[in-house]
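Next come the chains, spelled out residue by residue.
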Amino acid sequence: MADNLPSEFDVVVIGTGLPESIIAAACARSGQRVLHVDARNYYGGNWASFSFSGLLSWIKENQQKTDIDDECEDWRKLILENEEVISLSKKDKTIQHVEDFCFGDQDSAENVEEAGALPKLPAFGASDADGVAQEPEKECTPVESTLPEVESQEPEKAAGTEPTSTVEGNDPETTPENESSHSTALGEPTPETGSAPSESSAQGPKKITYAQIVREGRRFNIDLVSKLLYSRGLLIDLLIKSNVSRYAEFKNATRILAFREGKVEQVPCSRADVFNSRQLTMVEKRMLMKFLTFCLDYEQHPEEYQDYENSTFAQFLRTQKLTPSLQHFILHSIAMVSETDCSTLEGLQATKKFLQCLGRYGNTPFLFPLYGQGEIPQCFCRLCAVFGGIYCLRHSVRCLVVDKESGRCKAIVDHFGQRISANYFIVEDSYLSENICTNVCYRQISRAVLITDQSVLNTDAEQHVSILAVPPVDVGKPAVCVIELCSSTMTCMKETYLVHLTCPSTKTAREDLEPVVQKLFNLNAEKETENEELEKPKVLWAVYFNMRDSSGVERKSYDGLPSNVYVCSGPDPALGNDCAVKQAETIFHEMFPTEEFCPPPPNPEDIIYDEDEIAPEESGFSNSPETKPESSTEESSSGGSTAVKKEDNEERISTVLLVEEEVDPN
């Protein structure tokens, strides 16, 4: 029971965001005793994903902002005379200015219930009001919690063209017909089978009501933070190295878009895209290929850019033999940097990173995790639980106990009044009280999530994952990153699209993002509109909110923080996840300098068992449903070296993404 935990651990982690989950997994993997708790009743913190009803509950919770009174002070009796306490915050204050809008008939959905929804659990006490029930299945340990969710959505996969799960071990035989549908769903250039797309495009988008969205709410997995994974980024490397990739599925982003002169158009990225593009003239194609080739090894040609090191990247591009349209594509859709703040070197580095990630898993540099970004923290939580970590959701911590003489933190006191000792403590920034954060200067992220009825750029293939950077209208304003997800990402119901908008805040989220929404979408669902507005996708539902950005806060900014207490920041506004991975690795090495960070898992064939112990095939390392569908290449390799393991994991991700080879279920 959560009220009778062991009294001693090596590491206590408070919060289940991405950096905290990575640290917990790394500590458990290195043999540490880990306790991982969260006052919320869902995994992920501000990295979480919600069903539609779960998001509505989250919105209501953050709009109320009620304070929680501490009705019981009995836990203070556990504090000794030579000890002092650092109280933790009882209310999450990282979300502000939450505004949601429905552009349909809400009254028609009053008596509509979500299909397949289970009865809501009762509240777990006043101290747990931070938690919002995302989905009841996700309230047990992560090893068990994510599996029911995958199982519950299996019928949905079978009915559509979504890719088969690598978590489950019951993949059907792959027929040529299946292969073509899988490749299309995964972003391959293979043409879609059947006449459904052309028929739907001819008839136009079907009218989706708010009642339908509520009824199909469990088909939505709506991220609080919108990110993509660079195919050669730190997070993908970590997923492959640690073998956590087997717990997740991915879909490659299929389109890079640009917004120029009031129109959305596709950007050619790879060599094949450039030469097949009808947007560019032959001269422009040669210009673009020459410049991109230079960017891949710009370090070898310093004479080309050293005179512009103090200039912005936009100014450097003007000196190159590039047309205005090519400059726009490179600046906003390839480098994806600010026109006013990005230096020449930063722009060249961003362009090189983009180009290096091309072609690994698809024709763009980006991957997206099926079922949403919130799956990634849960994957690392699952690894931690596999190696002995203990998980408690809806488990708030009242305070940290600090020894006055040494200044080190000795223990925590939870809401049950239990005192739990540990050597190291990891705390998510949102749990720190205002007293500790007095000198901290936080930034904000503006976020918007839209449900629309069609894509911002309609083509013959409907299932696209698209990324679009919208340049700022006014000088000094940030560009807005737009990510559009289709139903094959398992984040929205069929015949709808989920659109995420993100930018650093200058005002409230609605003030920052609504001008971009008005450019790209039609907000007047019922009124008569001009033909130009009718061509735009209709917004069915929208929410705006500001999220705290604590990624740039230095440790010394926190007042009175003990040396063995480490703070993890929330999401940053960057497109990738490198900041979270770097932070997790830095904190882990500060705690355990001699340990390897998230090493590859042991190969079952390399484990030596004593004669008196159980046979390997009867042990916990035998093929489980998670590992059963892996390629037979891994089973036949007896070396078990890190290099071989990495290659096997890369093959597994490639199999999920590109369906290049048939999986052997045996």
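The structure displayed is predicted, hence computed values, not measured ones.

Chemist: Tell me what's going on with the overall build of the protein, and back it up with residues and numbers.
Modeler: For the protein, the count of helices and strands is 19 helices and 22 strands. Relative to its 666 residues, the protein shows a buried fraction of 55%. Contacts in the protein between residues far apart in sequence, at least 24 positions, make up 75% of those at least 6 positions apart. Carbon and sulfur atoms form 47% of the exposed surface of the protein, whose accessible area is close to 29200 Å².

Chemist: Tell me about the environment of S406, residues and numbers included.
Modeler: Looking at the secondary structure, you find S406 in the loop between β13 (397–403) and β14 (409–414). Remark: the alpha-carbon pair of S406 and E83, spanning 323 residues in sequence, is separated by 10.0 Å.

Chemist: Talk me through helix α17 (residues 578–591); I want residue IDs and the actual numbers.
Modeler: For α17, built from 14 residues, the straight-helix expectation of 20 Å at 1.5 Å per residue is met to within 8% by its first-to-last C-alpha distance of 20 Å. As for α17, its buried residues are in contact with α1 (18–29), α8 (234–242), α13 (344–357), β16 (424–428) and β22 (565–568).

Chemist: So, α1: which residues are in play, and what are the values?
Modeler: Spanning 12 residues, α1 covers 16 Å between terminal C-alpha atoms, matching the ideal 16 Å at 1.5 Å per step. Most of α1 sits out of view: 12 of its 12 residues are buried. Buried residues of α1: L18, P19, E20, S21, I22, I23, A24, A25, A26, C27, A28 and R29, and no others. Once α1 ends, the next one or two residues include G31, with phi positive near 95°.

Chemist: Outline the sheet that holds β14, listing residues and values.
Modeler: Reading across the sheet, the 4 strands line up as β4-β13-β14-β15 and stay open at both edges, with antiparallel pairing between neighbours. Of all strands in the sheet, those bounded by a partner on one side alone are β4 (83–87) and β15 (419–421). Taking the axes of each pair of neighbouring strands and ignoring which way they run, one obtains an average angle of 30° across the sheet. Judged from the 3 bridges that link them, β14 and β15 form a sheet pairing that is antiparallel. Opposite I412, over in β15, you have I420 as the bridge partner.

Chemist: Give me the packing of aromatic side chains: which residues, what numbers.
Modeler: A full pass over the atoms with the stated rule returns 18 aromatic pairs. Residues F101 and Y544 carry aromatic rings whose centres are separated by 6.0 Å and whose planes lie at 75° to one another, so their mutual orientation is edge-to-face. Pair noted here: F101 is in strand β5 (residues 95–102) and Y544 is in strand β21 (residues 539–549), with a separation of 443 residues, a long-range link. Measuring from centroid to centroid gives 5.7 Å for Y298 and Y305, while their planes differ by 70°, and the two rings are edge-to-face. Like Y305, Y298 is buried. Within the aromatic cluster, the residues linked to one another by ring pairs are F291, F294, Y308, F313 and F316. The positively charged end of K353 is found above the aromatic ring belonging to Y230, 4.1 Å away from the centroid. In this structure, R548 is placed above the aromatic ring of Y442, and the distance from its NZ or CZ to the ring centre is 4.1 Å.

Chemist: Now, about the state of the cysteines: what can you tell me, with residues and values included?
Modeler: For the structure shown, the criterion picks out 0 disulfides. Cysteine C381 remains unbridged, with the sulfur of C384 as its closest cysteine sulfur at 7.0 Å. Among the cysteines around C481, which has no disulfide bond, C503 carries the closest sulfur, lying 10.0 Å off. Residue classification places C481 among the partly exposed residues on the basis of a relative accessible area of 22%.

Chemist: Mind laying out the sheet that holds strand β2 (residues 34–37), listing which residues take part and the relevant values?
Modeler: As summarised here, the arrangement of the 5 strands in space is β12-β2-β1-β16-β22, forming an open sheet in which the pairing is parallel. At either end of the open sheet lies a strand with only one pairing partner, and these are β12 (390–392) and β22. When strand polarity is set aside, the average angle formed by the axes of neighbouring strands in this sheet is 15°. Alignment of β16 against β22, held across 4 bridges, turns out to be parallel. Within β22, the residue paired with E428 across the bridge is C568. Contacts from α17 reach β16 and β22, with the element oriented near 175° to β22.

Each value, and the rule that gives it
- Residues numbered from 1 in each chain as written.
- Predicted model: local features only at pLDDT ≥ 70, side-chain atom pairs only at ≥ 80, totals over all residues.
- Heavy atoms only, no water.
- Helix = DSSP H or I, 4+ residues; strand = E, 2+ residues; numbered from the N terminus.
- Buried < 20%, exposed > 50% of the residue type's maximum accessible area, 1.4 Å probe, protein only.
- Contact = heavy atoms within 4.5 Å.
- Areas by Shrake-Rupley, 256 points an atom, 1.4 Å probe, with all protein chains shown as cover.
- Expected span 1.5 Å × (residues − 1).
- Pairing = 2+ DSSP bridges.
- Axes fitted to C-alpha atoms, helices over the stretch in contact; angles between N-to-C directions.
- Phe/Tyr/Trp six-rings, centres within 6.5 Å; stacked < 30°, edge-to-face > 60°.
- Lys NZ or Arg CZ within 6 Å of the ring centre and 35° of its normal.
- Disulfide = S-S within 2.5 Å.

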